[in-house]
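So the chains spell out like this:
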Amino acid sequence: MKRNSKDVDASHGKMTRRALFLGGLQLAFAGGLAARMRFLQVDQADEFRLLAEENRINIRLLPPARGQIFDRNGLIIAQNSPSYRITVVPEDAGDVEGVIAKLANLVPLDPEDLERARTEMRRSPPFLPITLADRIGWEDISKVAVNAPALPGVTPEVGLTRVYPQLGDFAHVVGYVGPVSDYDLSKMKDPEPVLMIPRFQIGKVGFEAKREDVLRGKAGAKRVEVNATGRVMRELDRREGISGADMQLTIDAGLQNYVQARLGQESAAAVVIDCEYGDIRAICSSPSFDPNLFVRGISVADYRMLTEDKYRPLSNKTVQGTYPPGSTFKMITALAALEEGVIGPDETVWCPGYLKVAGRRFHCWKRAGHGHVDLNTSLKRSCDVYYYDVAIKTGIDNISAMANRFGLGIKHDLPMSAVAQGITPTKDWKASSYGKDWLIGDTANASIGQGYMLASPLQLAVMSARIATGRSVTPRLLKSLDGVEQPSGAGEPLGVSETSLRMVRKGMYSVSNDRRGTAYRSRIIGDGMRMAGKTGTSQVRNITAAERAAGVIRNEDLPWERRDHALFVSFAPYDNPKYAVAVVVEHGGGGSKAAAPIARDVMLQALYDGTPPLEAYPKADRSRIKAQQERLERERVKRPLGSRSSRA
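Parameters at a glance
- Residues numbered from 1 in each chain as written.
- Predicted model: local features only at pLDDT ≥ 70, side-chain atom pairs only at ≥ 80, totals over all residues.
- Heavy atoms only, no water.
- Helix = DSSP H or I, 4+ residues; strand = E, 2+ residues; numbered from the N terminus.
- Areas by Shrake-Rupley, 256 points an atom, 1.4 Å probe, with all protein chains shown as cover.
- Phe/Tyr/Trp six-rings, centres within 6.5 Å; stacked < 30°, edge-to-face > 60°.
- Buried < 20%, exposed > 50% of the residue type's maximum accessible area, 1.4 Å probe, protein only.
- Contact = heavy atoms within 4.5 Å.
- Salt bridge = Lys/Arg side-chain N within 4 Å of Asp/Glu carboxyl O.
- Pairing = 2+ DSSP bridges.
- Axes fitted to C-alpha atoms, helices over the stretch in contact; angles between N-to-C directions.
- Arc of directions from axis to C-beta.
- Patch = residues over 30% accessible without salt bridge, like charges linked within 9 Å, V, L, I, M, F, W, Y side chains within 5 Å.
- Expected span 1.5 Å × (residues − 1).
- pLDDT = per-residue confidence, 0-100.
- Disulfide = S-S within 2.5 Å.
- Parallel < 35°, antiparallel > 145°, perpendicular 65-115°, else oblique.
- Left-handed = near helix turned anticlockwise from the far one by under 90°.
- Nonpolar A, V, L, I, M, F, W, Y, C, P; charged D, E, K, R; others polar.

Describe the overall build of the protein chain, and please don't skip the residues or the numbers.
Within the protein chain one finds 24 helices and 21 strands. Approximately 30,900 Å² of the protein chain is accessible, and the part contributed by carbon and sulfur atoms is 52%.

Run through the packing of aromatic side chains, naming residues and quoting values.
Per the counting criterion, the structure on display carries 12 aromatic pairs. With a centroid separation of 4.2 Å and an interplanar angle of 15°, the aromatic rings of tyrosine 176 and phenylalanine 294 are classed as stacked. A residue pair is termed long-range when its members are at least 10 positions apart, and tyrosine 176 in strand β6 (residues 176-179) and phenylalanine 294 in helix α12 (residues 292-295) qualify at 118 residues. Phenylalanine 294 carries the same exposure label as tyrosine 176, and that label is buried.

Describe the environment of alanine 599, and please don't skip the residues or the numbers.
If you trace the backbone, alanine 599 turns up in helix α23 (residues 591-607). On the basis of relative accessibility, which here comes to 0%, the residue alanine 599 falls in the buried class. It is 9.7 Å that separates the C-alpha atoms of alanine 599 and alanine 580, two residues lying 19 residues apart in sequence. Discounting residues that sit within four places of it in the chain, alanine 599 has contacts with Phe568, Val581 and Val583.

Explain the pattern of salt bridges to me, using residue names and the numbers behind them.
Tallied over the full model, the rule gives 24 salt bridges. The shortest N-O distance in the salt bridge between glutamate 212 and arginine 216 comes to 2.8 Å. No difference in accessibility class separates glutamate 212 from arginine 216, as the two residues are buried. The residue aspartate 514 makes a salt bridge to lysine 380 at a minimum N-O spacing of 3.7 Å. Of this pair, aspartate 514 sits in the loop between α21 (498-513) and β19 (532-538) while lysine 380 is found in helix α15 (residues 375-380), placing the two residues 134 residues apart along the sequence. By relative accessible area, aspartate 514 is classed as partly exposed at 26%. Note on lysine 380: relative accessible area 12%, which makes it buried. Linked through salt bridges whose partners overlap, the residues forming this network are Arg66, Arg162, Glu192, Glu208, Glu212 and Arg216.

Can you lay out the sheet that holds strand β21 (residues 579-585) for me, pointing to particular residues and giving the numbers?
What the five strands build is an open sheet, ordered β12-β11-β21-β20-β19; its pairing is antiparallel. The sheet is open, and its two edges are formed by β12 (280-286) and β19, each paired on a single side. With strand direction ignored, the average angle separating the axes of adjacent strands in the sheet is 5°. In the sheet, strand β20 (residues 565-572) pairs with β21 via seven bridges, with the strands oriented antiparallel. Within β21, the residue paired with phenylalanine 571 across the bridge is alanine 580. Taken strand by strand, α21 contacts β19 and β20, and its axis lies near 75° from that of β19.

Hey, could you go over the environment of leucine 167 for me, with residue numbers and the actual values?
Residue placement: leucine 167 occurs in the loop between β5 (154-163) and α7 (171-174). Here the alpha-carbon distance between leucine 167 and leucine 293, two residues 126 residues apart in the chain, equals 9.8 Å.

I'd like to hear about helix α17 (residues 396-405), residue by residue, with values.
Turning to α17, its buried residues number three or more, namely Ile396, Ile399, Ser400, Met402 and Ala403. Buried residues in α17, looked at end-on, bunch into an arc of 160°, giving them a common side. Where the residues of α17 are buried, they touch α14 (330-339), α16 (384-394), α18 (427-434) and α19 (440-447). Phi for glycine 407, located one or two positions after α17, is positive at around 95°.

If you had to explain a nonpolar patch on the surface to someone new, which residues and values would you point to?
Among the surface-exposed residues, Phe21, Leu22 and Leu25 lie close enough to one another that they form a single nonpolar patch of about 310 Å² accessible area. In this structure, leucine 25 sits in helix α1 (residues 5-43). Classification of leucine 25 as partly exposed rests on a relative accessible area of 46%.

Kindly report on helix α5 (residues 111-123), identifying the contributing residues and their values.
Its 13 residues give α5 an end-to-end C-alpha distance of 19 Å, which sits within 8% of 18 Å, the value for a rise of 1.5 Å per residue. Of the positions making up α5, those classed as buried are Leu114, Ala117, Glu120 and Met121. One face of α5 carries all of its buried residues, which in axial projection span an arc of 120°. More than 90 degrees from the buried face of α5, the exposed residues found are Pro111 and Arg122.

Describe in detail the side chain of threonine 87, supporting the description with residues and values.
Within the secondary structure, threonine 87 sits in strand β3 (residues 76-88). What threonine 87 contacts, discounting residues up to four positions off in sequence, is Pro129, Ile130, Thr131, Leu132, Gly153, Val154, Thr155 and Glu157.

Can you tell me about the environment of leucine 414, naming the residues and giving the values?
Inspection of the secondary structure assignment puts leucine 414 in the loop between α17 and α18. Taking C-alpha positions, leucine 414 is 9.8 Å from glycine 206, a pair spaced 208 residues apart along the chain. With residues up to four places along the chain from it excluded, the contact list for leucine 414 reads Ile280, Val419, Leu458, Pro475, Arg476 and Leu477.

So what's going on with the confidence of the model for the protein chain? Residues and values would help.
Residue-level pLDDT values for the protein chain average 86, and 89% of them are 70 or greater. Note that residues 639-648 has pLDDT below 50 and, in this model, 27 contacts with residues that lie over four places away or in other chains.

So what's going on with unusual backbone geometry? Residues and values would help.
With an omega of -5°, the peptide bond running from serine 286 to proline 287 counts as cis. Mapped onto the elements, proline 287 comes out in the loop between β12 and α12. The peptide bond linking alanine 572 to proline 573 adopts the cis configuration, its omega dihedral lying at -15°. Of note, the phi angle at leucine 167 is positive, near 55°, even though the residue is not glycine. Leucine 167 gets classed as partly exposed once you look at its relative accessible area, which sits at 32%. The backbone of serine 382 shows a phi angle near 55°, a positive value even though the residue is not glycine. As for its placement among the helices and strands, serine 382 is situated in the loop between α15 and α16.

Which residues make up the pairing of strand β11 (residues 268-274), and what are the values?
Here β11 lies mainly inside the structure; seven of its seven residues are buried. Alternating positions in β11 separate into two faces, Ala268, Ala270, Val272 and Asp274 on one and Ala269, Val271 and Ile273 on the other, with burial throughout. Both β11 and β12 contribute to a ladder of six bridges, which runs antiparallel. Bridge assignment links alanine 269 to a residue of β12, and that residue is serine 285. Sheet analysis places β11 next to β21, joined by seven bridges and oriented antiparallel. Counted as the bridge partner of alanine 269 is valine 584 from β21.

How would you explain the state of the cysteines if you had to name every residue and give the values?
As enumerated under the stated definition, the model contains zero disulfides in all. Sulfur of cysteine 383: no disulfide; nearest cysteine sulfur belongs to cysteine 351 and is 3.6 Å away.

How would you explain the packing of α16 against α19 if you had to name every residue and give the values?
Interhelical geometry of α16 versus α19 gives an angle of 125° and a closest axis separation of 8 Å. Judged by the angle between their axes, α16 and α19 are oblique. Judged by the twist between their axes, the crossing of α16 over α19 is right-handed. On α19, the residues that touch Tyr387, Tyr388, Ala391 and Ile392 of α16 are Ile440, Thr443, Ala444 and Ser447. Per-class residue counts for the contact of α16 with α19 are six nonpolar, two polar and no charged.

Structure below.
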């Protein structure tokens, strides 16, 4: 049957419209697909690239190199030393315990270190590396590197750790660093990410802690490509961190080493200050300790040994310890009385061995008394009754105000831990502190540095420097920061009469150079080196009337902790003061016997910038001093790690 031409034409038209419709659908689909591909590949490219890189690229922080610390001559005090360690990234390792077991078959792992590592894993994000072994040898590092494919997430690394080559000489000054703890982080409002790196070291005490802000530096970062198992394939780029600032202290390491050795195993402190600029040339607390023990975490046994020592080696006695200044305070009482016009240089006070105050006897150290005493004699022979008398006439508020002018009762701004303010009591202070009225007997006690009066060895050294110069010499510990010299501590004139200062200095000169002076046996020979000083003995117990009647028990017959503290302050040379020295020997007994000889030896070491000639000592002492010098030279520890740097 033949189809009509009209039917053929109609059928052809329907097919054409169907084809066009289908073609349009195909074109629309292709266009939509192209648009979607463009959206994904162009418009959303950055987002998907980031998602992809998160799977194959890790960003890791680079700890900055900590700033190093030098002495005034460029000798290294705190440095960074390379340290090999093995770390693991928990999220890359997968079965962490299985990986640790494999690693233990290759290298020895300390159980204590592993327990610490597991603790860090629990508190740290899984992408942060955790240290499994530290301070390991190159041979062990090589074993780990060779077996890397079988140890996913494990990386042998080389880092920097803090080392203190001068050992205990600067322990109380510089302090030490240690791993960041939860307690450290709790004290920070917004801790930097670098602090979250396990075992990252920050300053814990001393200069390391007080100048953490500039010693730490700024962290860098690196991008590394990792495979599906998390192993690093290559480093893509690196942004180095900014190293911490190098610091130069005012301390002379050689003098510091000598003073520490001279103090020996005494529970004592000594401070040497440059009278011209206020630079602290030596500041030693004894006994000391090795700060390297704390860098990676001190053992329980070592820490117990330090904390149970009755001589308190962890305590910085130079700035933290406060003691009744005893007779070393008498210069302040004298200056206050002179400035108030209470006494003159030739006026005398009768000392029968005591002074009755408000019905109570205040005794002089010399039971029979000193007779008629003027200002010079009162210092030379350290008469207590003289100061009871003039202090009551002067008033405690005037005495305390004078003490503040000379650096006592002032918290000096030094980058050291626990710097004490001390106490220079006033009537208002007692009322606010104890809710009691000030008594006239309190003034008598304070006049000779007893009662409520407290001062640190640092403050006593500052006092001596200010008496020597008449200026408000301010102690300075930081000499330069990254090569930039820091402000001087020379200070301005105190505004105290030069006549008053001259009379007090003359009395201090008599203490050390007059045959009847309390420190005559510790004098320095040679007109150009003569030392002015003042002995002090501060009581740590009450002497009862019964004991005084029967005879005061000698210090050497008492238990150590009940003996008096021994003190000595000085400056030299007398005609042109260069250094001021303060020494405190805890429970050392008399200042003339225990503290003055140490201060004299320290002063000579500073003046001669090394071992002084025997001619600087009295003839009778020279054979003993020679033996002492030889012994100290043998005992002074050699520091093979110490080196000088041109950067300081």
